[in-house]
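What the coordinates show
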Amino acid sequence: MIDFFILGSGMAGSTIANLLSKNYTVRVFDKARGLGGRTSNKRFQSNLSFDHGAQYIAPKSKKFKLFINRLKHKNIIKVWSGDHLDFSFEKKDTEKKYIGKKANNDICKYQLKKIKTFFSSNIIKINYKKKLWKITLDNNKVYQSKGLIITFPYIQLKKLAKKYLDKKLINLNLKMSPNITVMIAVKNSKKISISSLKMKDDIIAWASNENSKNRFKSNIDLWTIQTSLKYSKKIINRYKKKKIFYINQILDRFIKLTGVKKSQIIFKNIHGWKYAYSSSNLNMKSYWNKKCNFGACGDWFRGPKIESAWLSSENLLSQIKKNPLRN
């Protein structure tokens, strides 16, 4: 019998799975075709790809800095150098930006390399009965474990596991913010020395030059463009029905701001993260219901950063240690 099922393979899921695997048997399930959650990487061709979710990691807490330094020494991550231009003028940016050596989901891959993970596994139902958890997939397969941990965004957690949550958690007035990402490939463009652009614009908030990460050499430039919060909120529920329209609207603004030639764009795609992040910092750092061996962790407990997910997972481990898995 497996000790823990972990739902989600992003930073929170991969971290808690890795921590628990030192003392328990663990399996991870993710509805996506690959791991990483918001750190996901989308391949364009060969070794060319986009970090279309989280752009980089800038550690703040002492614990997380130690973790990041260990990964840097293991050659899992590296510093993203180059010119990071900030035209928002909100705050002087002096922080080091860390990225995966091959992709930004490298940390998740590293943490899950010894843990069995099931992809394309959409969980539609969970049930706790006779001291066992049953999870049901959309293909009607059923799996059992002693403990269950969900690392989904708050709204999805609440929808799937409401009957196992405390009222305090159910009644949270927590809003998750969306994010829209457009990925483009530009052929035969001039070599650009800029690594990223932060903008104060009503449509575009950020643009990343994927070539600047020195993961590949190509005469094709890849750009990851992320829209402003206001614009993301405006189109998140309708962009799928009018993909071309919104891609072109975003690209028209990007071209106006950067001078990239539309005729040289050979690939364009769009992706929406409906529950990308929360700016809240809750009193609780994670959730553990010792009565039924059920837990939850994720960045939304602590804030919008990838670091928040890691810290939440660390906190959940400490709670489980105090109130171990019940047999």
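A few points on the structure. (Residues numbered from 1 in each chain as written. Predicted model: local features only at pLDDT ≥ 70, side-chain atom pairs only at ≥ 80, totals over all residues. Heavy atoms only, no water.)

**Observations concerning the overall build of the chain**
A tally of regular secondary structure across the chain gives eight helices and 18 strands. The C-alpha atoms of the chain give a radius of gyration of 20 Å, which matches the 20 Å a tight globule of 327 residues would have. Referenced to the eigenvectors of the C-alpha coordinate spread, the extents of the chain come out at roughly 65 × 45 × 35 Å. In the chain, buried positions account for 53% of the 327 residues. (Helix = DSSP H or I, 4+ residues; strand = E, 2+ residues; numbered from the N terminus. Rg over C-alpha atoms; globule rule 2.2 N^0.38 Å. Buried < 20%, exposed > 50% of the residue type's maximum accessible area, 1.4 Å probe, protein only.)

**A short note on a positive patch on the surface**
There is a patch of like positive charges on the surface, built from Lys31, Arg33, Lys42, Lys159, Lys240, Lys243 and Lys274. Assignment of secondary structure puts Lys159 in helix H4 (residues 154-161). (Patch = residues over 30% accessible without salt bridge, like charges linked within 9 Å, V, L, I, M, F, W, Y side chains within 5 Å. Areas by Shrake-Rupley, 256 points an atom, 1.4 Å probe, with all protein chains shown as cover. Salt bridge = Lys/Arg side-chain N within 4 Å of Asp/Glu carboxyl O. Lys, Arg positive; Asp, Glu negative; His and termini not counted. Charge placed at Lys NZ, Arg CZ, Asp CG, Glu CD.)

**Section: the sheet that holds strand S15 (residues 220-227)**
Taken in spatial order, the six strands make up an open sheet running S6-S13-S14-S15-S12-S16, and their pairing is mixed. With partners counted over all chains shown, the strands left at the sheet margins are strand S6 (83-86) and strand S16 (265-277), one partner each. Strand-to-strand twist across the sheet, computed as the mean angle between neighbouring axes with direction ignored, equals 15 degrees. The strands touched by helix H7 (residues 243-258) are strand S12 (177-187), strand S13 (194-198), strand S14 (204-209), S15 and S16; relative to S16, the strand with the most contacts, the crossing angle is about 105 degrees. (Pairing = 2+ DSSP bridges. Axes fitted to C-alpha atoms, helices over the stretch in contact; angles between N-to-C directions. Contact = heavy atoms within 4.5 Å.)

**Some remarks on the pairing of S13**
Two strands pair when backbone bridges link them, and S6 and S13 are joined in this way by four bridges, in the parallel orientation. Counterpart to Leu85 in the pairing with S13 is Leu197. Bridge count for S13 against S14 is three bridges, and the pairing is antiparallel. By the bridge assignment, Ser196 is partnered in S14 with Ser208. Two successive antiparallel strands, S13 and S14, enclose a turn made up of five residues.

**Describing the nonpolar core**
In terms of nonpolar packing, the biggest core is built from 35 residues, with Phe4, Ile6, Leu20 and Ile149 touching the most fellow members. Among the elements of the structure, strand S1 (2-7), helix H1 (11-20), strand S2 (26-29), helix H2 (62-73), helix H3 (106-112) and helix H8 (306-322) are those that each provide at least two residues to this core. Considering every element that reaches this core, the biggest residue donor is H8, with seven residues. Residue contacts for Leu20: discarding those within four places in its chain leaves Phe4, Ile6, Val26, Ile149, Leu317 and Ile320. (Core = buried A, V, L, I, M, F, W, Y, C linked by side-chain atoms within 4.5 Å.)

**A closer look at the packing of H1 against H8**
Axis separation between H1 and H8 bottoms out at 8 Å; the angle between their running directions is 35 degrees. Handedness of the crossing formed by H1 with H8: right-handed. Residues Met11, Ala12, Thr15, Ile16, Leu19 and Leu20 of H1 pack against Ile306, Ala309, Trp310, Ser313, Glu314, Leu316, Leu317 and Ile320 of H8. (Left-handed = near helix turned anticlockwise from the far one by under 90°.)

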